[in-house]
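Structure at a glance
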Amino acid sequence: MFSSSKTCNCCGHKLKSMPLQIRTWECPNCGKLHDREEICLLGLCFSWLLVILCWFDVLVVL
Ligand SMILES: [Zn+2]
């Protein structure tokens, strides 16, 4: 498992930089096409969790 979205899980090639708005990228080393969608979804779930936790905090305070 590779934790970084900038690392090719096919050959292990690492990208130096990648704009956040890019969802798919092609590995310059092996040519494999990567989809960042699932990583973005994970981030989205995490941010929603934080929002829900904030809501609970507000409810507790009220
Ligand atoms: Zn690769």
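If you're wondering where the values come from, they're calculated on a predicted model, not measured in any experiment. (Residues numbered from 1 in each chain as written. Predicted model: local features only at pLDDT ≥ 70, side-chain atom pairs only at ≥ 80, totals over all residues. Heavy atoms only, no water.)

**Describing the overall build of the protein**
From N to C terminus, the protein includes one helix and two strands. Put simply, the protein runs from its N terminus to its C terminus through helices and strands in the order β-β-α. Every one of the 62 residues in the protein was classed for burial, and the buried ones make up 13%. Considering only contacts in the protein between residues 6 or more positions apart, those separated by 24 or more positions represent 9%. On the protein, roughly 5,400 Å² of surface is accessible, and the fraction owed to carbon and sulfur atoms is 65%. (Helix = DSSP H or I, 4+ residues; strand = E, 2+ residues; numbered from the N terminus. Buried < 20%, exposed > 50% of the residue type's maximum accessible area, 1.4 Å probe, protein only. Contact = heavy atoms within 4.5 Å. Areas by Shrake-Rupley, 256 points an atom, 1.4 Å probe, with all protein chains shown as cover.)

**Some words on the coordination of the zinc ion**
The zinc ion binds to the protein through Cys 8 (SG), Cys 11 (SG), Cys 27 (SG) and Cys 30 (SG), with metal-donor distances spanning 2.2 to 2.3 Å. Taken together, the four donor atoms coordinating the zinc ion and their angles of 106 to 114° define a geometry best described as tetrahedral. Site description for the zinc ion: donor spacing in sequence, C-x2-C-x15-C-x2-C. Here the residue Cys 11 occupies a position in the segment before β1 (24-26), and Cys 27 occupies one in the loop between β1 and β2 (33-35), the gap between them amounting to 16 residues. Residue class for Cys 27 comes out buried when judged on its relative accessible area of 2%. (Donors = N, O, S within 2.8 Å, 3.2 Å for Na, K, Ca; no water. Tetrahedral: all angles 85-135°; square planar, octahedral: opposite > 155°, others 65-115°.)

**A word on the environment of Trp 25**
Inspection of the secondary structure assignment puts Trp 25 in strand β1. Residue Trp 25 is classed as buried on the basis of its relative accessible area, which comes to 6%. Between the alpha carbons of Trp 25 and Ser 5 there is a distance of 9.9 Å; along the sequence they are 20 residues apart.

**Thoughts on the confidence of the model for the protein**
Averaged over every residue, the pLDDT of the protein is 78; residues scoring 70 or more account for 79%. For the protein, the element scoring lowest by mean pLDDT is helix α1 (residues 37-61), at 75; β1 scores highest, at 86. (pLDDT = per-residue confidence, 0-100.)

**Quick look at the side chain of His 34**
Position of His 34 relative to the elements: it lies in strand β2. Its relative accessible area of 8% is what places His 34 among the buried residues. Residues within four places of His 34 in sequence aside, it is in contact with Cys 8, Asn 9, Cys 10, Arg 23, Thr 24, Trp 25 and Cys 27.

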